[in-house]
Number of protein chains: 2
Amino acid sequence: MTVLILTVPEDVTADLVVAALHERAVPVVRLDPAGLPGEVSMSAEYVRGDVHGFLSVQERLVSMSSLRSVWVRRPGAPGAGAAHRSEQSEWLTAEAERALYGALRCVSAPWMNHPAAAEQARYKPWQLYTAHRAGFAVPATLITTFPQTAREFAEQHPELVVKSVSGTHPGKPPMVLPTTVVPPDPDFSSVSAGPTLLQEYVRKSADIRLTCVGARQFAAGKKAGPDQVDGRFGSPEDAQWYPVEPPARITRAVRDYMDRAGLAYGAFDFAEDGDGTWWFLECNQSGQFGFVELATGQPITAAIADWLARDGS
Amino acid sequence: MTVLILTVPEDVTADLVVAALHERAVPVVRLDPAGLPGEVSMSAEYVRGDVHGFLSVQERLVSMSSLRSVWVRRPGAPGAGAAHRSEQSEWLTAEAERALYGALRCVSAPWMNHPAAAEQARYKPWQLYTAHRAGFAVPATLITTFPQTAREFAEQHPELVVKSVSGTHPGKPPMVLPTTVVPPDPDFSSVSAGPTLLQEYVRKSADIRLTCVGARQFAAGKKAGPDQVDGRFGSPEDAQWYPVEPPARITRAVRDYMDRAGLAYGAFDFAEDGDGTWWFLECNQSGQFGFVELATGQPITAAIADWLARDGS
C-alpha cells in the first residue's frame, strides 16, 4: 500500500515527510499534477462494475486501488506543465483536472485533506460559524456591504480590525494582506464597494498556533509585542515559538471542529489575551508547520508521516 | 420562510418556477450573485455564539435564518457585475464569492444542489464510478493518457466513441463537443497529449432523459436515427420527446445514485439499446428540463416548486 503525495517539485516540507515515510519503509509516490499530461500519466478503466485506475510518474506505476492515503500538500494545477505546448491549454487544464481528480475521488483511501472538505474549510464565514458551534471563543465579527451595519457594529465594538475575507491581497503578484486596526471615527461608506470583514480587536499577550494532525495536537505560543496586531508582522525581534499545553476546552473544541469540517489536518491560529483566553482567529487547512517544528521540536512531520502510513488494510 | 433562487436575470426556466411558487403563496427572493456588491447587499454577524445573516436585493431584505430552501439555478459569479468599476475586480470577485457562499454555507436550509455535492457530481470519472455502484448498466469506458492502453481497449471494444472529460470544448467561445465515433484503425499516439475518454459505442434505439427532483422521477424518450451518435445532434426531424415508464431497476438505481451523490436534482442521460437496456451515459446536476416538460407535459416545474416550497419548520 502506497502513500500518494501531490505537491510541486520544490517543497522542502514534503521532502521531510517523504524521508520520514522512507524511515518507516512505506512506499511513496510523489507527483505534481502540473505534470499531467507529460511527466505524469494516468488511466482509469470502468468495465462491468470494476474500476481500475493507474498513475505513472518517472517510470513508477501505482494502482489507485493500492493507495494507502493521499496527501494534498501543494499541488500544481493539472495541465499547467503543458501550457507552452498548446494553444488549447485552458481546455487541456480542465480536461486534465477533471480526469485526475475525478479518478482520485473514487479511491477509498483517506485524504489529508479531501478536496471537498478543503474547499469548505477555506470559507472564512463558514470557519467562524463552525468555530462558534465547536465551542471556541470567537471575537465578534461582521462581514458586510451595508455601511450603516458597519457603523452600528463599530459603536458596539470600538476597537476593530479589518481583514480580507478571502485571505488574498488585491495586488499582483498576490501578497499577504496584514490585519489592520480600524482608525477612530472611520468612514464606512466604501463598505458598499465590497464585502468587508470587521472583527473585535483582541489585545493579545501571545499568538498561538495549534497544529492538528488526525487526533494529535501540537500547540505553540509566541509572545506578542505591545499593540502588535498581525502575528505575521512586527513581532518583537527576540520572540520565538515555544511549546504550550492547550487548555482542555481548546483540545475538545479542536476535535469537534475537525470532525465538523471533515479535516485530517488543520493549522489553528488563536490570539491569547491577558486573561489567558484563546480567541479563535482562523483554521488554515493547508497551513505551514515547518517553522513551528523547527522552533519547538514538536514532531509534526513524524505525526503526518504516521497518519499517512496508517494501514487500513 | 423564503425560497432563495440564485440565477442570472434572463432565465425563463427560473421565471416559471417563481410563478409556480407564487401560486403556492411561498415567498421568493431571486438574485444574481453577480450583483454583489451593488444591486445585491449582504451582511453576516457573528456575536457570542449567534450568527445573523441578511441578503438584500431591490429593497427586499431576507434573513438567512428564515430561508426555506436554496435553488442554485444558473448564478453569475459574485463580483462580476462590478468588474467595470475597479481594477481590483479579480480580488473583488474572490472577496464577494467567499463572503456570499461562505455565509450561505452556514444556513441549515436544504439546497438544490449544495455546492459541494454539485462540484463532486461534475466529475465524469466519479459519475461513472458511482453509476456502477448504484447498479446502472454503464458502457465500458477508458480515460487515459497511455496510447498502449487505448490500443488494447480498442481491440476489446471495436466500436468506440470519444468524448470530452470535462464536457467542454477547446474553442472560444466554448461550444458543445459532440460525441464522435472513433474511425477504424485509429492512431492513438496523441492520447499522451491529454486525457482521452473512450467509451463502448451503444447502438441505440432511443435517447432517454430522466429528470429526478427529490424523490420524483420523470423519464422521457426520443427515437434515435440509424447510426445517430449524440442525441443533441442529428436526430430524425420528426423525433419528439415522449413520456416513458422507467424500469424498476432504473428507478432504484437513480434513487441510489442521488443518495450517494447528495443531490436533490439530477438530469440523467441514457442510451436505450435494441434489447431495451438503458445504458448510463451521464448525470448532469444542472441539466435543463424545460424542453422535456414542453414536449411531454411532465410537471417538472411543479415538482421543483413543490420541493423548494416544502416547509421543514
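Reading the values: the criteria
Residues numbered from 1 in each chain as written. Chains lettered and ligands numbered in written order. Predicted model: local features only at pLDDT ≥ 70, side-chain atom pairs only at ≥ 80, totals over all residues. Heavy atoms only, no water. Helix = DSSP H or I, 4+ residues; strand = E, 2+ residues; numbered from the N terminus. Buried < 20%, exposed > 50% of the residue type's maximum accessible area, 1.4 Å probe, protein only. Contact = heavy atoms within 4.5 Å. Areas by Shrake-Rupley, 256 points an atom, 1.4 Å probe, with all protein chains shown as cover. Least-squares fit on C-alpha atoms with pLDDT ≥ 70 in both. Buried area = accessible area lost by both parts, 1.4 Å probe. Salt bridge = Lys/Arg side-chain N within 4 Å of Asp/Glu carboxyl O. Polar contact = N/O pair within 3.5 Å; in protein donor to acceptor, adjacent residues only side chain to side chain. Axes fitted to C-alpha atoms, helices over the stretch in contact; angles between N-to-C directions. Parallel < 35°, antiparallel > 145°, perpendicular 65-115°, else oblique. Left-handed = near helix turned anticlockwise from the far one by under 90°. Pairing = 2+ DSSP bridges. Domains from an automatic or database assignment. Expected span 1.5 Å × (residues − 1). Phe/Tyr/Trp six-rings, centres within 6.5 Å; stacked < 30°, edge-to-face > 60°. Lys NZ or Arg CZ within 6 Å of the ring centre and 35° of its normal.

(A) How the structure looks around the overall build of chain A. Assigned secondary structure in chain A consists of 8 helices and 16 strands. Out of the 313 residues in chain A, the part that is buried amounts to 56%. Within chain A, contacts between residues separated by at least 24 positions form 67% of all contacts whose residues are at least 6 apart in sequence. On chain A, roughly 13700 Å² of surface is accessible, and the fraction owed to carbon and sulfur atoms is 52%.

(B) Highlighting the relation of the copies chain A and chain B. Of the two same-sequence chains, chain A is brought onto chain B (RMSD 0.0 Å, axial shift 0.0 Å) by a rotation of 180 degrees. A rotation of that kind, with that shift, is consistent with a two-fold axis. For chain A, the minimum C-alpha distance to the rotation axis belongs to A116 of chain A and amounts to 3.1 Å. Most of the interface of chain A is mirrored in chain B: 100% of its interface residues are interface residues there too.

(C) Expanded view of the interface of chain A and chain B. Contacts between chain A and chain B engage 62 residues on the former and 63 residues on the latter. In total, about 5200 Å² of surface goes out of reach between chain A and chain B, with carbon and sulfur atoms giving 61% of it. The largest contributions to the chain A side of the interface with chain B come from Y46, R98 and Y123 of chain A, which together make up 15% of the buried area. The tally of links between chain A and chain B comes to 2 salt bridges. In this structure, R98 of chain B and E119 of chain A form a salt bridge, with 3.4 Å as the shortest nitrogen-oxygen distance. In this structure, the connection of chain A to chain B is made through 22 residue pairs in polar contact (both at pLDDT 80 or more). For the side of chain A that touches chain B, the secondary-structure elements that each account for two or more residues are β3 (40-47), β4 (50-57), α2 (89-104), α3 (115-121), α4 (124-134), β8 (141-144) and α5 (147-156) of chain A. Broken down by element, the side of chain A that touches chain B gets its largest block of residues, 12 residues, from α2 of chain A.

(D) Inspection of the packing of helix α1 (residues 12-23) of chain A against helix α8 (residues 300-309) of chain A at higher detail. Residues and elements named next belong to chain A. Relative orientation of the contacting elements α1 and α8 amounts to 60 degrees, with a least axis distance of 9 Å. Taken together, the axes of α1 and α8 lie oblique to each other. For the element pair α1 and α8, the recorded crossing hand is right-handed. Of the residues in α8, those in contact with L16, V17, A20 and L21 of α1 are T301, I304, A305, L308 and A309.

(E) The arrangement of the sheet that holds strand β8 (residues 141-144) of chain B in detail. Read across the sheet, 7 strands follow the order β5(A)-β4(A)-β3(A)-β8(B)-β11(B)-β9(B)-β10(B) without closing on themselves; strand pairing throughout is antiparallel. The outermost strands of the open sheet, each flanked by one partner alone, are β5 (60-63) of chain A together with β10 (180-181) of chain B. As paired elements, β8 of chain B and strand β11 (residues 196-200) of chain B share 4 bridges and run antiparallel to each other. Across the sheet, residue T144 of chain B finds its bridge partner in β11 of chain B, namely T196 of chain B. Against the sheet, α2 of chain A engages β3 and β4 of chain A together with β8 of chain B, with an angle of about 60 degrees to β3 of chain A.

(F) The arrangement of the domain arrangement of chain A in detail. The assigned domain composition of chain A is domain 1 (2-109), domain 2 (140-200) and domain 3 (203-298). Measuring from the centre of the C-alpha atoms in domain 1 of chain A to the corresponding centre in domain 3 of chain A gives 31 Å.

(G) Looking closely at the sheet that holds strand β7 (residues 111-112) of chain A. Residues and elements named next belong to chain A. The sheet built from 4 strands is open, its strands ordered β2-β1-β6-β7 with parallel pairing. Looking at the sheet topology across the chains shown, the edges are occupied by β2 (28-31) and β7. When strand β6 (residues 67-74) meets β7, the two strands line up parallel, connected through 2 bridges. By the bridge assignment for β7, W71 is matched with M112.

(H) Here's a closer look at the environment of A206 of chain A. Residue and element names in this part refer to chain A. Note that A206 resides in strand β12 (residues 204-213). Given the relative accessible area of 0%, A206 is considered buried. Considering only alpha carbons, one finds A206 and A239, 33 residues apart in sequence, at a separation of 9.8 Å. Excluding residues that lie within four positions of it along the chain, A206 makes contacts with K222, K223, A224, Y242, F270, A271 and E272.

(I) Representation of the pattern of salt bridges within the structure. The full count for this structure, using the stated rule, is 22 salt bridges over all chains. Here R24 of chain A and D306 of chain A are joined by a salt bridge, their closest N and O atoms 2.7 Å apart. Of this pair, R24 of chain A sits in the loop between α1 and β2 while D306 of chain A sits in helix α8, and the two are 282 residues apart along the sequence. Among the salt bridges present, the one from K204 of chain B reaches D207 of chain B, with a minimum N-O distance of 2.7 Å. Both residues of the pair, K204 of chain B and D207 of chain B, belong to the buried class. Each of E97 and R98 of chain A together with E119 and R122 of chain B takes part in a single network of salt bridges with overlapping partners.

(J) Seen up close, the side chain of T301 of chain A. The residue T301 of chain A is located in helix α8 in this model. Other than its neighbours up to four places away in sequence, T301 of chain A contacts L16, V17, A20, F289 and E293 of chain A.

(K) Region of the structure containing the side chain of T130 of chain A. Residue and element names in this part refer to chain A. For T130, the position within the fold is in helix α4. In this structure the side chain of T130 is engaged in a polar contact, spanning 2.8 Å, whose partner is the backbone oxygen of W126. Setting aside chain neighbours within four positions, we find T130 in contact with Y257 and R260.

(L) Just helix α1 (residues 12-23) of chain B, in detail. Residues and elements named next belong to chain B. When the terminal C-alpha atoms of α1 are compared, their 17 Å separation across 12 residues agrees well with the 16 Å that a helix rising 1.5 Å per residue should span. Looking at the packing, one finds that the buried side of α1 touches β1 (2-7), β2 (28-31), β6 (67-74) and α8 (300-309). A side-chain oxygen of the first residue of α1 lies 3.2 Å from the backbone nitrogen of T13; this N-cap is D11. Phi turns positive one or two residues past the end of α1, at A25, with a value near 60 degrees.

(M) The packing of aromatic side chains, seen in detail. Enumeration according to the criterion identifies 26 aromatic pairs over all chains in this entry. Here Y257 of chain B and F280 of chain B contribute two aromatic rings whose centre-to-centre distance is 5.7 Å and whose plane-to-plane angle is 35 degrees, an arrangement assigned as tilted. You can see Y257 of chain B sitting in helix α6 (residues 248-261) and its partner F280 of chain B sitting in strand β16 (residues 278-284), a full 23 residues away along the chain. We note that Y257 of chain B, like F280 of chain B, is buried. Here the aromatic cluster, defined as three or more aromatic residues joined through ring pairs, consists of W126, F136, Y257, F268, F270, W278 and F280 of chain A. Seen from the ring of Y123 of chain B, R98 of chain A lies directly overhead, with NZ or CZ sitting 3.9 Å from the centre.

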